[in-house]
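Survey of secondary and tertiary structure
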Amino acid sequence: MEKELNSLIFVGVISQKTMRLLPALGRKATQKVAVADHDGVITCFGMKKGEAVPVFKTLPGQKITRLDLGGALGTPQEKIFVCAGSEVKGYTKKGKQFLSFEANLTESINAMHVSGADLFVCASYIYNHYCDCKDQDYYLSGDKINDIVCLPAENLGRIVPVLACQDRVLRVLQGSELVYDIEVPGPPSVLELYNRDGGTNGEDILYGTVDGKLGLIRITDSSSSSKWEIDNEKKKGGVLCIDTYDILGDGVKDILVGRDDGTVEVYGFDSSNEPTLRFEHVLLESVTSIQGGCVGKESYDEVLTATYTGWVTGLTTEPQQAEAGPGDEVKMSRETQSKVAALRAELDQLQMKVVQGREKYQQTAQSSTAVSAMPVFSVNDKFTLCQDDASYSLTLEVQTAIDNLLLQSDVPIDLLDVDKNSAVVSFSECDSEPKGNFLLVTYRCQANTTRLELKVRSIEGQYGTLQAYITPRLQPKTCQVRQYLIKPLSLHQRTHTIEQDRPMNTLSLVGQFSFAEIHSWVLFCLPEVPEKTPAGENITFYFQNTFLGTQLEATYCKGEGHFKSDNISTISILKDVLSKEATKRKNNLDISYDINDDSVGHTLKMIHPKLEYQLLLAKKVQLIDALKELQVHEGNADFLIPEYRNILDESAYLLEEYKKQPAHLERLYGMITDLFIDKFKFKGQNVKTKVSLLLEVLDNYDLDSLMNFFNEA
């Protein structure tokens, strides 16, 4: 399926789900587009002869975070609703404002759904339901709410709101009460009704996750069932927007997906009703909104996308040029010729404006009354833990081209290679001892780079701050600094359950501290913990180490905290950090622990396959150069044994794999060394003098020998 990309219009920086297509007036009529931006401007336009024709445009105001369509149930949903701050505004399709409703929330609205006279809005942790602008229901979520959708009331006869929450859960509500929650494979970032109406029964919801997974869930009165789930095997970006529309023209609604790495996907359905990827296109910016419809020309459907910096583009099914036979010249239609001429004239005007603007700036800058004004620019950043390779992905997106990026860290971290990154990387020497400066690296970007993706891997137990200094191609030169916390247990990820039959070590704290205080300590130690203190008197969180697969259970309340893990090093890190944090706040803690010796062998067995693989990989990589020399000397590799021939055949893959994971072997050695020291530290013994003997055992690695060394030391 071939599609041509057309840029339709450019607006300001836009948030997730702020572009929608208005319903068509006739069966084959083209549709109008409504898009809202961070300048508070709503732009509604249609297309005529390849040009964007404005219907209306509002005056600038507060940053708009969501846009939805509504109207009386059973009628075309053509009224435009937007939320800015804690206010919701409504406009007719002609641009006349008919609603201004202040929700009186302490935080800005970040998710909204409109259904008839019902308005559903969410701030960070708070859900509110209004009917005819009167307060109906309220719910306080246990973690941040990323999106909301409501099952169609006209189908079910009742209102069923569904919240997408950061703790990998969809929460199904009735009134102000939680009916049940649904575990999903990643933090859900977006929800949409399947088929735009919830499917045949009005109970089907599509979800996308921060780590790029996609799924369909059926929600009934008391339970839910997963219909299908698509894993993110190719490590694409997180899902930001979803729509359903029959773009393939086979009579079955397809699923349109927009991701934060610029990927646009179309999934069709095969004979077994399973989703299959039919089309893919990559844009240069994150796709914040996606819609299917007919915009540019009657009878030709389009996939309409809006990107972070404000480009609204369409992937159209309309053929863009006449077919030409061999030796024939391709002739442009008059319409295309006039469009090209208009674009050239517009480009000339823009170039003239740029020249005039530069001259004016130079004159103003040199005058005696010149005042320096710092240009303001928006940065969209995301710092997330990737489960697959236990690394952190740092994505930075700027509304204008990036000139350079400086990364600085006060803790040891490894930089990993990213295929999509085309910037020139320069490492600078830094002094780690007096100033705690472990990393200083500069990325010089190519022209027109607005998005940069980096990967770093931290070491558990070493915590601090990673700072990014972002300098765009703007005059005068300006820079924004973003900070990202590297937490003590940075490689741990929230999970729904853990295996209780593993050998566990326990750490217990008792003291005169409040529930909010111990929650702040846990938040300091672990990622994916909600900033807000949980409701109720106690809480239990489960975590999994993404690198090793070891587990952690954290249960705490006012004056008491209990932590269980099958890894002694995790317990040791928690003990040290929690003691330090409590001392800072002048809290006296009574700390006790129960160490299970079986857990050491269990952890070593979990490290074993990774260590064995890395040792074998390192050995093979060391042989590659020598084997290549032999091959050149002998003229072929036929005389080599099959094992060595395989190494030569796979040399490119082996080198790539080795390059992907710098210092991986050293990292595993470090974990085993820490485990050894921590085991005896809890027994009151200092075994640092025996570390050299341990490294000798590791150099001639054998699992049984290593376990014997741990037991006999």
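Here the structure is a predicted model, which means the values were calculated and not measured.

Attention now moves to the pairing of strand β20 (residues 214-219). Judged by how many residues are buried, β20 sits mostly within the fold: five of six residues are covered. The pairing of strand β19 (residues 204-209) with β20 spans five bridges and is classified as antiparallel. Considered in β20, the bridge of I205 is made with I217. Counted along the chain from β19 to the antiparallel partner β20, the turn is four residues long, and its residue G212 has a positive phi close to 90°. Taken together, the six bridges between β20 and strand β21 (residues 224-230) define a ladder with antiparallel strand orientation.

In this section: the sheet that holds strand β40 (residues 538-545). Sheet strands pair via backbone hydrogen bonds, and the direction of the pair is either parallel or antiparallel. Read across the sheet, six strands follow the order β38-β40-β41-β42-β39-β43 without closing on themselves; strand pairing throughout is antiparallel. With partners counted over all chains shown, the strands left at the sheet margins are β38 (492-495) and β43 (589-594), one partner each. The sheet shows a mean angle of 20° between the axes of neighbouring strands, taken without regard to direction. Sheet topology places strand β39 (residues 505-511) next to β43; six bridges connect them, and they run antiparallel. Its bridge partner being in β43, T506 is matched across the sheet by D594.

Below, the discussion takes up the pattern of salt bridges. Enumeration over the complete set of coordinates arrives at 33 salt bridges. A salt bridge links D243 to R196, with the shortest nitrogen-to-oxygen separation between them at 2.5 Å. You can see D243 sitting in strand β22 (residues 239-245) and its partner R196 sitting in the loop between β18 (188-193) and β19, a full 47 residues away along the chain. One salt bridge in this structure joins E265 and K236, with 2.6 Å as the shortest N-O distance. In this pair, E265 sits in strand β24 (residues 263-269) while K236 sits in the loop between β21 and β22, placing the two residues 29 residues apart along the sequence. With respect to class, E265 is no different from K236; both count as buried.

Here is what the cut-offs are and how they apply
- Residues numbered from 1 in each chain as written.
- Predicted model: local features only at pLDDT ≥ 70, side-chain atom pairs only at ≥ 80, totals over all residues.
- Heavy atoms only, no water.
- Buried < 20%, exposed > 50% of the residue type's maximum accessible area, 1.4 Å probe, protein only.
- Helix = DSSP H or I, 4+ residues; strand = E, 2+ residues; numbered from the N terminus.
- Pairing = 2+ DSSP bridges.
- Axes fitted to C-alpha atoms, helices over the stretch in contact; angles between N-to-C directions.
- Salt bridge = Lys/Arg side-chain N within 4 Å of Asp/Glu carboxyl O.

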